[in-house]
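The residues making up each chain are set out below.
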Amino acid sequence: MELLTFDEDKASGTGRDKVHKFDFVPATFFIAAGNKNVQLPEPKITVRFDSASYLKYKQGSIFTDIRATMTYDRSNSDVKETAQHIWDAQHRPGTTIPAKTGKRIPGAPSSTPLHRIFYDTRLRDRNRETARAACLAQWPNYSSHGKDCDEYPFSTTKEGAYNANGNFSARALTSRDNQKAGSQLSTWYNDDRILDGDAFYVNVK
C-alpha cells in the first residue's frame with residue numbers, strides 16, 4: 001500500500017474557485033529474467049484542486065478523468081415523481097410540457113451533458129421563471145394543491161429553461177418529492193465537487 005500526499009497553496013489557483021491541476025504517472029516495476037527492472041506502462045492521472053467557497057468542504061480535490069453522473073432512482077419513494085419526470089424528459093420528450101415538435105432534452109448519459117451554473121444568479125432566476133410560466137399555463141393552481149414546479153434541465157444549469165428554446169420540461173409535482181430531489185442534487189454537487197461550469201450527466205434508474 002502506498003500513500004501519496006499533495007499539498008497545494010490555494011492562492012496559486014486560477015479563477016474564482018482557485019482551481020489548479022496536477023498530473024502524475026504512477027511507476028510500477030517488476031524484476032524480469034536476468035534481474036532487469038521492467039517498467040509497466042501506466043496512464044497519466046490528473047487531479048484537480050479547488051477552494052470553492054460555495055461547496056460544503058471549502059477545499060478539496062477530484063480526479064478529472066471521470067464522467068460525473070448524478071443518479072436518481074424511480075423505485076425510491078422519496079423522489080419517485082421527480083425521477084419519473086426526468087426519465088420522461090430524457091426518453092419521451094414529446095410527452096412533456098411545454099409542447100414542441102422535435103423536442104430534444106440533454107443530460108442523459110447517452111446525450112450531451114449539462115453544465116452547472118453558480119455565479120450567474122440572474123440566469124438561474126430566469127430558468128426558474130420560464131419553467132414556472134410553463135407550469136402555470138398547464139396547471140394554473142398547482143401551488144394551492146401542495147405542488148411545486150419541477151424543471152429539467154435543472155435551473156442550476158446552463159441548459160435550463162430560459163435559453164433552451166423549448167427543449168426543457170416543467171411538471172407540477174408533490175412538493176415533498178421535489179424538495180427531496182433538490183436536496184439530493186445539492187448534496188451530490190458538494191460530494192462530487194461540481195464547480196461552476198463543470199459538465200455532468202443525469203442517470204435515472
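Our structure's up above, just so we're on the same page.
Residues numbered from 1 in each chain as written. Predicted model: local features only at pLDDT ≥ 70, side-chain atom pairs only at ≥ 80, totals over all residues. Heavy atoms only, no water.

## Focus: the overall build of the chain
For step 1, the next point in the chain: When its secondary structure is counted, the chain shows 3 helices and 10 strands.
For step 2, the next point in the chain: Its helices and strands in sequence order give the chain the pattern β-β-β-β-β-β-α-β-α-β-β-α-β, from N to C terminus.
For step 3, the next point in the chain: Counting across all 205 residues of the chain, residues that qualify as buried make up 40%.
For step 4, the next point in the chain: Of the roughly 12000 Å² that the chain leaves accessible, carbon and sulfur atoms contribute 49%. (Helix = DSSP H or I, 4+ residues; strand = E, 2+ residues; numbered from the N terminus. Buried < 20%, exposed > 50% of the residue type's maximum accessible area, 1.4 Å probe, protein only. Areas by Shrake-Rupley, 256 points an atom, 1.4 Å probe, with all protein chains shown as cover.)

## Points about the side chain of Asp148
For step 1, the next point in the chain: The topology assignment puts Asp148 in strand S8 (residues 147–152).
For step 2, the next point in the chain: Engagement of the side chain of Asp148 in a polar contact is seen with the side chain of Ser175, the distance being 3.1 Å.
For step 3, the next point in the chain: Those residues in contact with Asp148, other than ones at most four positions away along the chain, are Tyr142, Arg171, Ala172, Leu173, Ser175, Asn178 and Gln179. (Polar contact = N/O pair within 3.5 Å; in protein donor to acceptor, adjacent residues only side chain to side chain. Contact = heavy atoms within 4.5 Å.)

## Points about the pairing of S8
For step 1, the next point in the chain: Where burial is concerned, most of S8 is hidden: 5 out of the 6 residues are buried.
For step 2, the next point in the chain: Sheet topology places S8 next to strand S9 (residues 169–174); 6 bridges connect them, and they run antiparallel. Within the sheet, the bridge partner assigned to Asp150 lies in S9 and is Arg171. (Pairing = 2+ DSSP bridges.)

## Here's the deal with the sheet that holds strand S7 (residues 114–115)
For step 1, the next point in the chain: Across the sheet, which stays open at both edges, the 3 strands sit in the order S6-S10-S7 with mixed pairing between neighbours. In the strand order of this sheet, the two ends are held by strand S6 (69–72) and S7, each with one partner.
For step 2, the next point in the chain: Sheet topology places S6 next to strand S10 (residues 199–204); 4 bridges connect them, and they run parallel. Within the sheet, the bridge partner assigned to Thr71 lies in S10 and is Asn203.
For step 3, the next point in the chain: Packed onto the sheet, helix H1 (residues 80–91) meets S6 and S10 and runs at close to 110 degrees relative to S10.
For step 4, the next point in the chain: Against the sheet, helix H3 (residues 175–191) touches S6 and S10, its axis set at about 155 degrees to S6. (Axes fitted to C-alpha atoms, helices over the stretch in contact; angles between N-to-C directions.)

## Regarding unusual backbone geometry
For step 1, the next point in the chain: With an omega of 5 degrees, the peptide bond running from Ile97 to Pro98 counts as cis.
For step 2, the next point in the chain: Relative to the elements of secondary structure, Pro98 occurs in the loop between H1 and S7.
For step 3, the next point in the chain: Geometrically, the link from Tyr152 to Pro153 is a cis peptide bond, its omega value of -5 degrees lying close to zero.
For step 4, the next point in the chain: Looking at the element boundaries, Pro153 is found in the loop between S8 and S9.
For step 5, the next point in the chain: The phi dihedral of Lys18 falls on the positive side, at around 50 degrees, and the residue is not glycine.
For step 6, the next point in the chain: The residue Lys18 is located in the segment before strand S1 (20–24) in this model.
For step 7, the next point in the chain: The phi angle at Asn165 is positive, at roughly 55 degrees, despite the residue not being glycine.
For step 8, the next point in the chain: Examined against the element boundaries, Asn165 turns out to sit in the loop between S8 and S9.

## Considering the sheet that holds strand S4 (residues 45–50)
The pairing of strands in a sheet comes from backbone hydrogen bonds and takes either a parallel or an antiparallel form.
For step 1, the next point in the chain: Across the sheet, which stays open at both edges, the 3 strands sit in the order S1-S4-S5 with antiparallel pairing between neighbours. Edge strands, defined here as strands with exactly one partner in the open sheet, are S1 and strand S5 (60–63). Geometrically, the sheet is characterised by an average inter-axis angle of 25 degrees between neighbouring strands, direction not taken into account.
For step 2, the next point in the chain: Direction of pairing for S1 relative to S4: antiparallel, over a ladder of 5 bridges. Paired with Phe24 across the two strands is Ile45, which belongs to S4.

## A look at the state of the cysteines
For step 1, the next point in the chain: Counted by the stated rule, this structure contains 1 disulfide.
For step 2, the next point in the chain: Two residues, Cys135 and Cys149, share a disulfide whose sulfurs are 2.1 Å apart. Here the disulfide of Cys135 and Cys149 is right-handed, its torsion about the S-S bond being about 80 degrees. Here Cys135 is found in helix H2 (residues 121–138), whereas its partner Cys149 is found in strand S8, with 14 residues between them in sequence. The pair Cys135 / Cys149 is uniform in exposure class, with both members buried. (Disulfide = S-S within 2.5 Å.)

Any link to function would need more than the numbers given here.
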